[in-house]
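Spelled out, the chains give:
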Amino acid sequence: MFDPLLQELHESIKLKGGKPITLPSYFREHSSVRLSACIRSWLWEVPGFRRWRVTRLDAGNNLQVLNSVAYPEYSNDHPLMGIDLLWFGVRSKLVAVLDFQPLIQDEAYFQRHFQGLKSLRNSFPELCNSEAMRSFDPHQYFSPWLFFCRGGLEEVNGPLPLAFKAFLQGYWDLHEIESQKPSKISFEEVRQLQTHYDIYSSERDPAHGLFTSYFGKRWSDRFLKEFLFPASSAEELPPNI
Ligand code: BLA
């Protein structure tokens, strides 16, 4: 379902000089034979970023997922890039979330980093249907201009591919401009805020239950703590694996 978007994401990472980092096989690809599901992940080394991860879950008609987070280097205080796209085929239900995830909720910070996302959002009103959040707090690590939509096939085949492309381009533009300016938040504070993002997300992410049902608790705990949100645990993977 999301493979053209996954391909577009990977192509754009490569264009910006991204190099794949080899992951241990149990994170690179893992299957549930019983439930016909396969989860694959990629980790990229990208100039200007300390970590860029991508995950695709293929559980056939039950569920398709594309998820990615980009963490800028600590010397740069601009937002993280977050993508969470889910397709529940049986119910023809889309959940799409795309955001430049702010480190802090501050007017001056928004002014500095969100002009691009603000204008993008006006171009794709169909993907912003003012859904309420159930697990997350919309005022922690989400921006007021996020794309958040619960929709159907109409959105998947209509605005989503265009919005995804524009969103990615908007984030690269932000990154290029912002990485040339001095950061207003100190290195140490950015480090703490990014660490807290992992801790907060690992506690709230509704994915854990889903992974457990497909791949069992042991694998899911490790995947969440060591791959999705490594700063949330002492077992962070060394950067060179
Ligand atoms: C919601 N994300 C969800 C849900 C699931 C996942 C199962 C609940 C669906 C629903 O509300 O109907 C799944 N999350 C995943 C998977 C991974 C994951 C499979 O991290 C990992 C591979 N989530 C993110 C990122 C963003 C994000 C980067 O991982 C930001 C762009 C947002 N996901 C997000 C939001 C919701 C969601 C805002 C709605 C949750 C809510 O209602 O509070």
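Definitions and cut-offs
- Residues numbered from 1 in each chain as written.
- Predicted model: local features only at pLDDT ≥ 70, side-chain atom pairs only at ≥ 80, totals over all residues.
- Heavy atoms only, no water.
- Helix = DSSP H or I, 4+ residues; strand = E, 2+ residues; numbered from the N terminus.
- Core = buried A, V, L, I, M, F, W, Y, C linked by side-chain atoms within 4.5 Å.
- Buried < 20%, exposed > 50% of the residue type's maximum accessible area, 1.4 Å probe, protein only.
- Contact = heavy atoms within 4.5 Å.
- Expected span 1.5 Å × (residues − 1).
- Arc of directions from axis to C-beta.

Draft legend 1. Spatial organisation of unusual backbone geometry. Despite not being glycine, Ser92 has its phi angle at roughly 50 degrees, a positive value. Mapped onto the secondary structure, Ser92 falls in the loop between strand 6 (80-88) and strand 7 (93-101). The backbone of Tyr141 shows a phi angle near 65 degrees, a positive value even though the residue is not glycine. Mapped onto the secondary structure, Tyr141 falls in the loop between helix 4 (115-123) and strand 8 (147-151).

Draft legend 2. Inspection of the nonpolar core at higher detail. Trp52, Val54, Leu85, Phe147 and Phe164 are the most contacted members of the largest nonpolar core, which has 79 residues in total. Per element, the largest residue contribution to this core is eight residues, and it comes from helix 6 (residues 159-178). Beyond its immediate sequence surroundings of up to four residues, Phe147 is in contact with Ala96, Val97, Leu98, Leu117, Leu120, Arg121, Phe124, Leu127, Cys128, Ala163 and Phe167.

Draft legend 3. Representation of the environment of Leu120 within the structure. Mapped onto the secondary structure, Leu120 falls in helix 4. Ignoring any residue separated from it by four or fewer positions in sequence, one finds Leu120 in contact with Phe147, Ala166 and Phe167.

Draft legend 4. Representation of helix 1 (residues 3-15). Taking 1.5 Å as the rise per residue, helix 1 with 13 residues should run 18 Å; its terminal C-alpha atoms sit 18 Å apart, in good agreement. Residues of helix 1 that are buried: Leu5, Leu6, Leu9, His10, Ser12 and Ile13. Across the axial projection of helix 1, the buried residues extend over an arc of 165 degrees, all falling on one side. Relative to its buried face, helix 1 has exposed residues pointing more than 90 degrees away, namely Pro4, Gln7 and Leu15. Looking at the packing, one finds that the buried side of helix 1 touches strand 3 (37-45), strand 4 (49-59), strand 5 (63-72), strand 6 and helix 6. The first or second residue beyond helix 1 is Gly17, which carries a positive phi of 90 degrees.

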